[in-house]
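Descriptive analysis of the structure
Chain residues, written in single-letter form:
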Amino acid sequence: MIRTATGTRTENWYYPSPQDCIVCHNGNARHVLGVKTRQLNGNFNYPATGRTDHQLRTWNHLGMFNPPLNEATLSNYLRLEPLTNAAASLETRARSYLDANCSQCHRPGGVVQAYFDARFDTPLAAQGIVNGRLANTLGIAGAKVIAPASVPRSVMHFRMNHLNPQLQMPPLARNLVDTAAVNLFAQW
């Protein structure tokens, strides 16, 4: 049972098997699905100290980069934006979400079934997301990965909003819908 501001809820946990893990932790991903510079390129509040600092700068001071980063160039790195940053465009927030949550599999050399590249550093026009072709239309007429101005024809939105393991994305270890992401993608 998990207590929330509105009461309690039951959380079902799914522990992936080693075979489940290698679906994503494969040779194309170099077996590691680690953090990316663009995920850390921003301020973070460290609860243990109550301090807020730039994550890359903090990690640099902790000696976690070899060679150390030139802190004067941190603003030159790509930066992902959280869904909640209303100052960033819908496109930037949606593409940031895709990079952080989907690009491990949805990239060149990733899963065979996907034709799109979710990496943030791939230009949107080259990603194959907007009006992107599908390996499986799920029986939806005129379906695309993202069909502009048509949520019902956008398979990405459908899969993000589904809890059937045969249809949901990601397919493993998820038993809740990320409603904030689903809503943002509907707006985008």
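Reading guide: rules and limits
Residues numbered from 1 in each chain as written. Predicted model: local features only at pLDDT ≥ 70, side-chain atom pairs only at ≥ 80, totals over all residues. Heavy atoms only, no water. Helix = DSSP H or I, 4+ residues; strand = E, 2+ residues; numbered from the N terminus. Buried < 20%, exposed > 50% of the residue type's maximum accessible area, 1.4 Å probe, protein only. Contact = heavy atoms within 4.5 Å. Areas by Shrake-Rupley, 256 points an atom, 1.4 Å probe, with all protein chains shown as cover. Pairing = 2+ DSSP bridges. Expected span 1.5 Å × (residues − 1). Salt bridge = Lys/Arg side-chain N within 4 Å of Asp/Glu carboxyl O. 1 Å grid on protein atoms, 1.4 Å probe; cavity = no way out; pocket = protein on both sides within 12 Å on 5 of 7 lines; lining within 4 Å. Points joined across faces, edges and corners; volume = space filled by probe spheres on them. Nonpolar A, V, L, I, M, F, W, Y, C, P; charged D, E, K, R; others polar. Phe/Tyr/Trp six-rings, centres within 6.5 Å; stacked < 30°, edge-to-face > 60°. Lys NZ or Arg CZ within 6 Å of the ring centre and 35° of its normal.

**Details of the overall build of the protein**
Helix and strand content of the protein: seven helices and four strands. Listing each helix as α and each strand as β along the protein from the N terminus yields β-β-α-α-β-β-α-α-α-α-α. Over its C-alpha atoms, taken along the principal directions, the protein stretches across nearly 55 × 45 × 40 Å. In the protein, which comprises 188 residues, the proportion classed as buried is 31%. In the protein, of all internal contacts separated by at least 6 residues, the share reaching a separation of at least 24 is 35%. Entry remark: accessible area of the protein is about 11800 Å², with carbon and sulfur atoms responsible for 55%.

**Some details on the pairing of strand β3 (residues 43-46)**
Note: β3 against strand β4 (residues 51-54), four bridges, orientation antiparallel. When the sheet's bridge partners are listed, Asn-45 is paired in β4 with Thr-52. Here β3 folds back onto β4 in antiparallel fashion, the turn holding four residues, of which Gly-50 has a positive phi close to 75°.

**Examining helix α4 (residues 90-101)**
The end-to-end C-alpha separation of α4 is 16 Å, in line with the 16 Å expected for 12 residues at 1.5 Å each. Along α4, the residues that are buried comprise Arg-93, Ala-94, Arg-95, Ser-96, Tyr-97, Leu-98 and Asp-99. If you follow the buried residues of α4, they end up packed against α2 (37-40), α5 (124-127), α6 (155-160) and α7 (179-187).

**Describing unusual backbone geometry**
Of all residues except glycine, most have a negative phi; of all peptide bonds, most are trans. Cis geometry marks the peptide bond from Asn-66 to Pro-67, where omega comes out at 5°. Among the secondary structure elements, Pro-67 is positioned in the loop between α3 (55-61) and α4. Going from Met-169 to Pro-170, the amide bond is cis rather than trans, its omega being -5°. Its place among the elements puts Pro-170 in the loop between α6 and α7. Despite not being glycine, Asn-131 shows a phi value in the positive range, around 60°. Along the chain, the position of Asn-131 falls in the loop between α5 and α6. The phi torsion at Leu-138 lies on the positive side, around 60°, for a residue other than glycine. By the secondary structure assignment, Leu-138 is in the loop between α5 and α6.

**Notes on the pattern of salt bridges**
In the structure shown here, the tally under the stated rule is six salt bridges. Note that Asp-53 and Arg-57 form a salt bridge whose closest N and O atoms lie 2.7 Å from each other. What makes Arg-57 partly exposed here is its relative accessible area of 29%. Three or more residues are tied together by salt bridges with common partners; here these are Lys-36, Arg-38, Asp-99 and Asp-121.

**Looking at the layout of surface pockets**
Computed from the structure, the largest pocket encloses a volume of approximately 1100 Å³. If you go around the largest pocket, you meet 41 residues; those closest to its centre are His-106, Gln-168, Met-169, Pro-170 and Pro-171. Residue assignment for the lining of the largest pocket shows that the elements contributing at least two residues are α1 (18-24), α4 and α6. Class assignment for the residues of the lining of the largest pocket results in 28 nonpolar, eight polar and five charged.

**Comments concerning the packing of aromatic side chains**
Counted by the stated rule, this structure contains four aromatic pairs. Centroid distance Tyr-97 to Phe-185: 5.8 Å. Interplanar angle 70°. Geometry classified as edge-to-face. Separated by 88 residues along the polypeptide, Tyr-97 in helix α4 and Phe-185 in helix α7 bring together distant segments of the chain. Here the two residues Tyr-97 and Phe-185 agree in accessibility, since each one is buried. Here the guanidinium or amino end of Arg-95 rests over the ring plane of Phe-120, the centre of that ring lying 5.0 Å away. Taking the ring centre of Tyr-115 as reference, the NZ or CZ of Arg-133 above it sits at 3.5 Å.

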